[in-house]
Amino acid sequence: KLTVTTAQQWLDGFAAAIAAHKDYLSELDTPIGDGDHGSNMARGLTAVQAAIDGQDFAGLKDLFKAVAMALISKVGGASGPLYGTAFLEMAKLGDQDADLGHLLDAALAGIRKRGGAAPGDKTLVDVWTPVVEAVKAGSLTQTVVDDAVNSTKDMVARKGRASYLGERSVGHLDPGSVSSGYLFTALIATGV
Ligand code: ADP
Ligand code: MG
Ligand code: MG
C-alpha cells in the first residue's frame, strides 16, 4: 500500500536518480534518438519537485495529479506524455485504491494505450511490463528491474525515434527503459 508520504519519498528518489544520471540518459539517446532524454527528464523532475516539495496533499489523487501535470507540461518529447499518463491513471485510482499493483497496472495500461507499444518494441513498456507483474506477485527485486532494462539492448526498436534505425538500434539500451529503471529502483528503496 502506498501513502502520500511513501509516494513523496519515491518521487524524491526518482528525481535524485534522474539528476545524477542526466548526462548518461542523454548519451544513451544519442546513437538511437536525438540525445535529449536526460535533459527532458531532468527538466520534468525539477518541475515535479517544485510542485510537491513541502506541500501537504490530502491524498494520492492530488499528489499524482500534480506530478502528472508537471511531467506533461515540462518533459516534452515522446516520454513526457507517457510518464504523465502513467501518473494521471494512478491519480484516477488514487484515493479509492492505494494498492501498488493496481496503481501500476492502470499506469501501464495508460502508457500502452497512449503510445501503442507492445512488449518487445524496445520502449519503456519493456521495463514496466515485467516490473508490474512482479509487483502484483509480491516479488519485485532489483534483479527484476536490471534484467528488464538490459533486455532492451538486443531488441529492434519498433516505436519512437529509435524505430527509424531499424536493425541498427540493436546493441543499445533504450533510454526510456533506463529512466523507468530508476523509477522502480527508487520504489524499491522506499521499502513499500
Ligand atoms: P523523444 O524521442 O521525443 O526525443 P525522449 O527522448 O524523451 O523523447 O524519450 C524517448 C523514450 O520514449 C524512448 O527511449 C522510449 O522508451 C520511449 N518511447 C518512445 N515512443 C514510445 C511509445 N510509442 N511507447 C512507449 N514508449 C515510447
Ligand atoms: Mg529523445
Ligand atoms: Mg526529443
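Residues numbered from 1 in each chain as written. Chains lettered and ligands numbered in written order. Predicted model: local features only at pLDDT ≥ 70, side-chain atom pairs only at ≥ 80, totals over all residues. Heavy atoms only, no water.

(A) Main features of the site of ligand 1. Around ligand 1, the structure places 20 residues, and the nearest of them are Asn40, Ala78, Ser79, Gly115 and Asp174. Measuring from an oxygen atom of ligand 1, one finds a side-chain N or O atom of Asp174 at 2.5 Å. Out of a free accessible area of 570 Å², ligand 1 has 92% covered by protein chains. By residue number, the principal contributor to the shell around ligand 1 is helix α9 (residues 175-190), which donates three residues. (Near = heavy atom within 4 Å. Polar contact = N/O pair within 3.5 Å; in protein donor to acceptor, adjacent residues only side chain to side chain. Areas by Shrake-Rupley, 256 points an atom, 1.4 Å probe, with all protein chains shown as cover. Helix = DSSP H or I, 4+ residues; strand = E, 2+ residues; numbered from the N terminus.)

(B) How the structure looks around the packing of helix α1 (residues 4-20) against helix α4 (residues 60-74). Contact pair α1 / α4: the axes reach a minimum separation of 10 Å and the direction vectors enclose 20°. By the angle between their axes, α1 is roughly parallel relative to α4. As α1 packs across α4, the resulting crossing turns out to be right-handed. Contacts between α1 and α4 involve Val4, Ala7, Gln8, Trp10 and Leu11 from the former and Leu60, Leu63, Phe64 and Val67 from the latter. A class-by-class count of the residues in the contact of α1 with α4 yields eight nonpolar, one polar and no charged. (Axes fitted to C-alpha atoms, helices over the stretch in contact; angles between N-to-C directions. Parallel < 35°, antiparallel > 145°, perpendicular 65-115°, else oblique. Left-handed = near helix turned anticlockwise from the far one by under 90°. Contact = heavy atoms within 4.5 Å. Nonpolar A, V, L, I, M, F, W, Y, C, P; charged D, E, K, R; others polar.)

(C) Here's a closer look at the coordination of the magnesium ion (ligand 2). Listed as protein donors to the magnesium ion (ligand 2) are Asp29 (OD), Asp34 (OD) and Asp36 (OD); their distances from the metal cover 2.1 to 2.2 Å. All donor residues of the magnesium ion (ligand 2) come from one chain, and their arrangement in sequence is D-x4-D-x1-D. A separation of 3.5 Å is found between the magnesium ion (ligand 2) and the magnesium ion (ligand 3), which share Asp34 as a coordinating residue. Accessibility expressed as a relative area gives 23% for Asp36, which makes it partly exposed. (Donors = N, O, S within 2.8 Å, 3.2 Å for Na, K, Ca; no water. Buried < 20%, exposed > 50% of the residue type's maximum accessible area, 1.4 Å probe, protein only.)

(D) Region of the structure containing helix α6 (residues 100-115). Taking 1.5 Å of rise per residue, the 16 residues of α6 would be expected to cover 22 Å, and the 22 Å separating its terminal C-alpha atoms lies within 8% of that figure. Leu100, Gly101, Leu103, Leu104, Ala106, Ala107, Leu108, Gly110 and Ile111 are the residues of α6 that are buried. Of the surrounding elements, those touching the buried residues of α6 are α1, α4, α5 (79-93), α7 (125-136) and α9. The residue sitting at the N-terminus of α6 and contributing the capping side-chain oxygen is Asp99; that oxygen lies 3.2 Å from the backbone nitrogen of Gly101. (Expected span 1.5 Å × (residues − 1).)

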